[in-house]
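Overview (structure and organization)
Here's the letter readout for the chains.
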Amino acid sequence: MRLRPLLATVTAALAAATCLTAAAPANAQRGNACSPSVSIEGFSDALDKTTYEGTFVGNFSALAVDRDGRIAAVSDRSALFTLDRKTLRPASVVPLADEAGAALDSEGLAVDRDGTRLVASETEPSIRRYARDGRILDRLPVPDALRVAPAGRATSNQTFEGLTFLPGRRTLLAGMEGSLAGDTTGIVRFQTWERQRGHFVLDAQYGYRTDTGLNVSETTATPDGRLLVLERGFTAGVGNTVRLYLADQRRATDTSGIDNLTGQSGVRLVRKTLLADLVNCPSLGAQAKQPQPNPLLDNIEGLAVTDGGGHGRLNLLLVSDDNQNPVQITRFYSLRVRL
């Protein structure tokens, strides 16, 4: 079977070093299968511990496809990059800040139809609209309960972690990383906003149950309006757990008026189906800098649907957040998914 070309690395030399390899669909070439539905095409460490125009390239927490097909990538150290789609080479970087000029803990990213960037910060939490040059254009309302205590019931560093537009870009969805106080541990909230007269207003909210010990690290819409959800965890001395789920919120209960989610009867949570536990992917020669159950794994936080191959098949780009830590890696992954 002829192999389809993959993302090129930054240079030909780095391409050889990072072993970016191609793969057929999971059901056709079992050697690259992570599961019956998911195959890994390759990975690249080419940007690990590099700089661009004096800015550290890393700490990536979210990805999105720009209008011109390039990749927008946000770091949780207040930098917004544009990456070349084929080489991943940085093409630009702009700093991000709040209204007072303070740094953000940027964890979610979505690109609107006009090219403006919506960025979720888990500090307060907040969602702001930015121009391409980093200017703040607008700020979206956030339900009081989702704010970090004592203002709300959220835990610091456990708020907005994923951000995505649903098809048509009229509805925006943000996924909370962890549970609110009063909700059963493991049940997190997905909040939506609806576009009305050029602004986004609060809309429905849904409950989603994570696997034991895992948190939501990304939410990304599929072309049919469902969600790809990354669940992630870390155990010192063991490494990362990263699972990819297909979730369907379309028949879930609107929980915006429910104070406590405890798994009570009559409340339909978002349905989810496991697509792959990435520990089962072939390592493709990857090396880890700390213990991992599979050396391919690291702290994967970003996910974007780069295109669809038809018949329910999607090409995905994932990225890990190295936390600017010498024992972690900025690593890009190319996956193919059959829904």
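Structural notes, computed from the coordinates. These numbers come from a predicted model, not from an experiment. (Residues numbered from 1 in each chain as written. Predicted model: local features only at pLDDT ≥ 70, side-chain atom pairs only at ≥ 80, totals over all residues. Heavy atoms only, no water.)

Turning our eyes to something else, we now look at the sheet that holds strand β6 (residues 79-83). Reading across from one edge, β4-β5-β6-β7 is the order of the 4 strands in this open sheet, with antiparallel pairing throughout. Every other strand in the sheet has two partners, leaving β4 (60-65) and β7 (90-95) as the edge strands with one partner each. Neighbour-to-neighbour, the strand axes of the sheet open up by a mean angle of 20°, direction not taken into account. One ladder, built from 5 bridges, connects β4 with strand β5 (residues 71-75); its direction is antiparallel. (Pairing = 2+ DSSP bridges. Helix = DSSP H or I, 4+ residues; strand = E, 2+ residues; numbered from the N terminus. Axes fitted to C-alpha atoms, helices over the stretch in contact; angles between N-to-C directions.)

Attention now goes to the sheet that holds strand β14 (residues 187-196). Read across the open sheet, the 4 strands follow the order β12-β13-β14-β15; overall the sheet is antiparallel. In the strand order of this sheet, the two ends are held by β12 (160-165) and β15 (199-209), each with one partner. For this sheet the average axis-to-axis angle between neighbouring strands, irrespective of direction, equals 20°. Pairing of β12 with strand β13 (residues 171-176), which is carried by 5 bridges, proceeds in the antiparallel orientation. The residue of β13 that forms the bridge with Gly-162 is Gly-175.

The omega angle of the peptide bond from Glu-124 to Pro-125 is 0°, so this bond is cis rather than trans. Within the secondary structure layout, Pro-125 lies in the loop between β9 (117-121) and β10 (126-130). Following Ala-149, the chain continues into Pro-150 via a peptide bond in cis, with omega recorded as 10°. Positionally, Pro-150 belongs in the loop between β11 (136-139) and β12.

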